[in-house]
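If you want the building blocks of each chain, they are given just below.
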Amino acid sequence: MLLQNNMQSQAPNHNPQNKMAKTLRLLLGDQLNSAHSWFEKNDDSVIYCLFEMRQETDYATHHIQKIIAFFLAMRAFAAQLRNNGHQVEYLTLDHPDNRHTLPENLRYFIDKFQIARFEYLLPDEFRLDEQLSRFCEQLSIPAEAFDTEHFLAGRYALRDFFGKKNYLMESFYRAMRRKYHILMDGDQPVTGQWNYDQDNRQKLSKNHLPPNPLLFERDVSDIFQLLEKQKVKTIGRVDVKNFGWPTTRAEGLQLLDFFCEKLLPHFGDFQDAMTPHHWALYHSRLSFVINVKLLSPLEVVRRSVEEWQRRKDEISFAQIEGFVRQIIGWREYMRGIYWAKMPAFATMNFFEHHRPLPSWFWTGKTKMNCLRHAISQSLDHAYAHHIQRLMVTGNFAMLAGIHPDEVDAWYLGIYIDAIEWVEITNTRGMSQFADGGITGTKPYCSSAAYINKMSHYCEGCFYKKDQRTGVRACPFNSLFWHFHDRHREKLERNPRIGMVYRNWDKMSGEVRAEVLAQAEGYLGCMEDL
Ligand code: FAD
Ligand code: SF4
């Protein structure tokens, strides 16, 4: 499907009569969609190219497992294309011809193969979209951009759906359910109810251990050594002999089967639960394979709905609804916000927060059990599930007034699935409320009460979950009130927050002053928390 013919160069094709005139097609590392119509037939005049580049390894400090996963996935995809008879040019990070930026590598191949036409798939990231648009404007051969044929809604579907109205995930999600006829009976939900969020908020009981995560034990020493040799700066840890993430479509499908068979029956129940004893619980860990397009969101949803249909006696409707909501609801909604609001979104700082991120975000060395666990797990696995990201690390960063740029940089680096369109909308938007309420209707934050309700972190923590003041008082408690007090003007009129201010006002002036002083004390020594 042709999307942008405005990029067609005005300059004539240098070689219009030449039947073997070559077309160069670019595939980015997150564009590994084997079902794309580009690959329907083999064409000798088409050369596909993929590049491992310093431009991509260095634009953020990535987790070592994230770079390894991308390179493995790209290499396997290139090999598969070659096996299927396509021509592929692949530049590894240490290839002598690698110029390490997109324009320079593309120019190199355009000259080398006397390319007559350049084609690419629309990038998901604004920076790459801009870079490729600029590159095409300067080209003297025709260029076209094509859809990735991955998402369920177009780039600007959300903007067009809401127009000038406030964005609301729930309405968009219902429209998506109707459009794709998922869990529907005519134009109504199959059970008569759209939302099962209320049922999906259980804490894990102490003796309940979810199944062990399915891991793909691969030796990745060669890529690890390559990154070391090329001095690529990374964070986090990796077991080079047992790399666990799926990086091919076959592995992605295996993980999807594992999810459907073993995890879906409790996905919704424990979606918000946290425990130091298990790093993935009933979450699918499919985000990486979906984000790089090895799996399509629609096939993931259809496969899981089929599983629910076959095992309705074991899998309650709340489980499947919760899962479908994440993929056709939240994921598409976040992408829609990204394209509706970029580039302005990337600099929003509604609360004018300016503090630096404490250095223990990079080491996990803090006395706060919840943060120590969520951060250490992220460094070990390049993964934390949604509630750890939102209600532990994100919650702390917002309450402590950390600059959203610093928070974004951390999230963009540390997670295996972090690609800006889905990272920034979740981080700056949903978790930091730096967008002032575009993504969500109120800031997601809590004191220790919520963390204790949903996790086993507080037991055995150095800090006391029930104390607001005192040497061992849980920092979340005083910071929660400090946050609301310092942003009263911006938040008080929000009908979903009114109760918080009513409770705050019920406390005596003396108590309020003590709580604020406690928080100030913590903010003054964040490195020591
Ligand atoms: P599951 O819990 O099994 O959910 C299934 C799928 O639903 C996920 O694989 C994902 O594709 C989709 N999904 C669920 N929630 C969201 C959401 N809020 N937005 C978009 N898709 C969602 N997700 C990323 O893919 N990349 C990121 O960089 C990223 N950064 C985040 C940062 C913060 C601060 C927060 C709060 C959330 C972030 N998320 C991000 C969303 C979500 O946390 C991850 O998609 C999820 O944890 C991935 O693990 P999973 O595959 O096991 O998800
Ligand atoms: Fe986290 Fe506070 Fe609970 Fe400790 S007491 S685990 S810091 S919420």
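Trainee: Mind showing me how you'd approach the overall build of the protein here?
Mentor: The helix and strand tally for the protein stands at 20 helices and eight strands. Relative to the 2.2 N^0.38 estimate, which gives 24 Å for 529 residues, the radius of gyration of the protein is 24 Å and therefore close to what a compact globule would have. Once the C-alpha set of the protein is aligned to its principal axes, its extents read approximately 85 × 50 × 50 Å. Long-range contacts, defined as pairs at least 24 residues apart, comprise 76% of the intrachain contacts of the protein with a sequence gap of at least 6. About 22,200 Å² of surface is accessible on the protein, with carbon and sulfur atoms providing 49% of the total. Placing the 64 positive and 64 negative side-chain charges of the protein at their respective mean positions leaves the two points 3 Å apart.

Trainee: Help me out: how do you make sense of helix α4 (residues 126-138) in this one?
Mentor: Every α-helical turn comprises 3.6 residues, leaving residues that sit three or four positions apart pointing alike. Between the first and last C-alpha of α4 there are 19 Å, a value that for 13 residues agrees with the 18 Å anticipated at 1.5 Å per step. Every buried residue of α4 is accounted for by F126, L128, D129, Q131, L132, S133, F135 and C136.

Trainee: What am I meant to see in helix α14 (residues 404-414) here?
Mentor: With eight of eleven residues buried, α14 lies mostly within the body of the structure. Three or more residues of α14 are buried, namely P404, V407, D408, W410, Y411, L412, G413 and I414. Buried residues along α14 sit in contact with α2 (64-83), α12 (369-381), α13 (386-399) and α15 (420-431).

Trainee: Can you help me understand the site of ligand 2 in this one?
Mentor: Contacts to ligand 2 come from M368, N369, C370, A448, I451, Y457, C458, C461, Y463, K465, C474 and F476. When the residues that make up the shell around ligand 2 are grouped by side-chain class, the tally is ten nonpolar, one polar and one charged.

Trainee: Would you mind showing me how to read the nonpolar core here?
Mentor: Generally speaking, soluble globular proteins have nonpolar side chains that are buried together. Among the nonpolar cores identified, the biggest contains 158 residues, and L371 and F396 are the most heavily contacted of them. Of the residues forming this core, the biggest block, 13 residues, is contributed by helix α11 (residues 317-341). Residue contacts for L371: discarding those within four places in its chain leaves W360, F361, T366, S376, V392, T393, F396 and F476. Formed by 25 residues, the second largest nonpolar core is a distinct cluster that contains L91, L102, Y108 and L122.

Trainee: Please explain the pattern of salt bridges as it appears in this structure.
Mentor: It is possible for side chains of opposite charge to pair when their charged atoms get near one another. In this structure the tally under the stated criterion is 33 salt bridges. Between D257 and R303 there is a salt bridge, with its nearest N and O atoms 2.9 Å apart. With D257 in helix α8 (residues 249-263) and R303 in helix α10 (residues 297-310), this pair connects stretches of sequence that are 46 residues apart. Here R303 falls in the buried class, since its relative accessible area comes to 16%. For R325, the salt bridge goes to E321, with nearest N and O atoms at 3.0 Å. Taken as a pair, R325 and E321 lie in helix α11 at a separation of four residues, close to a single helical turn. On the accessibility criterion, R325 (2% relative accessible area) is buried. Classification of E321 as buried rests on a relative accessible area of 0%. A single network of salt bridges, built from pairs that share partners, joins E170, R174, R177, D197, E321 and R325.

Trainee: Looking at this structure, how should I read the packing of aromatic side chains?
Mentor: Aromatic rings considered in pairs are described by the distance between their centres and by the relative angle of their planes. Within the structure shown, the criterion is met by 43 aromatic pairs. Look at W38 and F146: their rings are 5.7 Å apart centre to centre, the planes differ by 65°, and that puts the pair in the edge-to-face class. Of this pair, W38 sits in the loop between β2 (22-26) and β3 (46-51) while F146 is found in strand β6 (residues 143-146), placing the two residues 108 residues apart along the sequence. The same class applies to W38 as to F146, namely buried. When the centroid spacing of 5.9 Å and the interplanar angle of 85° are considered together, the rings of W410 and Y415 count as edge-to-face. Through a chain of ring-to-ring contacts, the aromatic side chains of W360, F361, F396, W410, Y411, Y415 and F476 assemble into a single cluster. The aromatic ring of F151 is capped on one face by R335, whose charged end is 3.8 Å from the ring centroid. Above the plane of the ring of W504 lies R512, whose end atom (NZ or CZ) is 5.8 Å from the centre.

Rules used in this analysis
- Residues numbered from 1 in each chain as written.
- Chains lettered and ligands numbered in written order.
- Predicted model: local features only at pLDDT ≥ 70, side-chain atom pairs only at ≥ 80, totals over all residues.
- Heavy atoms only, no water.
- Helix = DSSP H or I, 4+ residues; strand = E, 2+ residues; numbered from the N terminus.
- Rg over C-alpha atoms; globule rule 2.2 N^0.38 Å.
- Contact = heavy atoms within 4.5 Å.
- Areas by Shrake-Rupley, 256 points an atom, 1.4 Å probe, with all protein chains shown as cover.
- Lys, Arg positive; Asp, Glu negative; His and termini not counted.
- Charge placed at Lys NZ, Arg CZ, Asp CG, Glu CD.
- Expected span 1.5 Å × (residues − 1).
- Buried < 20%, exposed > 50% of the residue type's maximum accessible area, 1.4 Å probe, protein only.
- Near = heavy atom within 4 Å.
- Nonpolar A, V, L, I, M, F, W, Y, C, P; charged D, E, K, R; others polar.
- Core = buried A, V, L, I, M, F, W, Y, C linked by side-chain atoms within 4.5 Å.
- Salt bridge = Lys/Arg side-chain N within 4 Å of Asp/Glu carboxyl O.
- Phe/Tyr/Trp six-rings, centres within 6.5 Å; stacked < 30°, edge-to-face > 60°.
- Lys NZ or Arg CZ within 6 Å of the ring centre and 35° of its normal.

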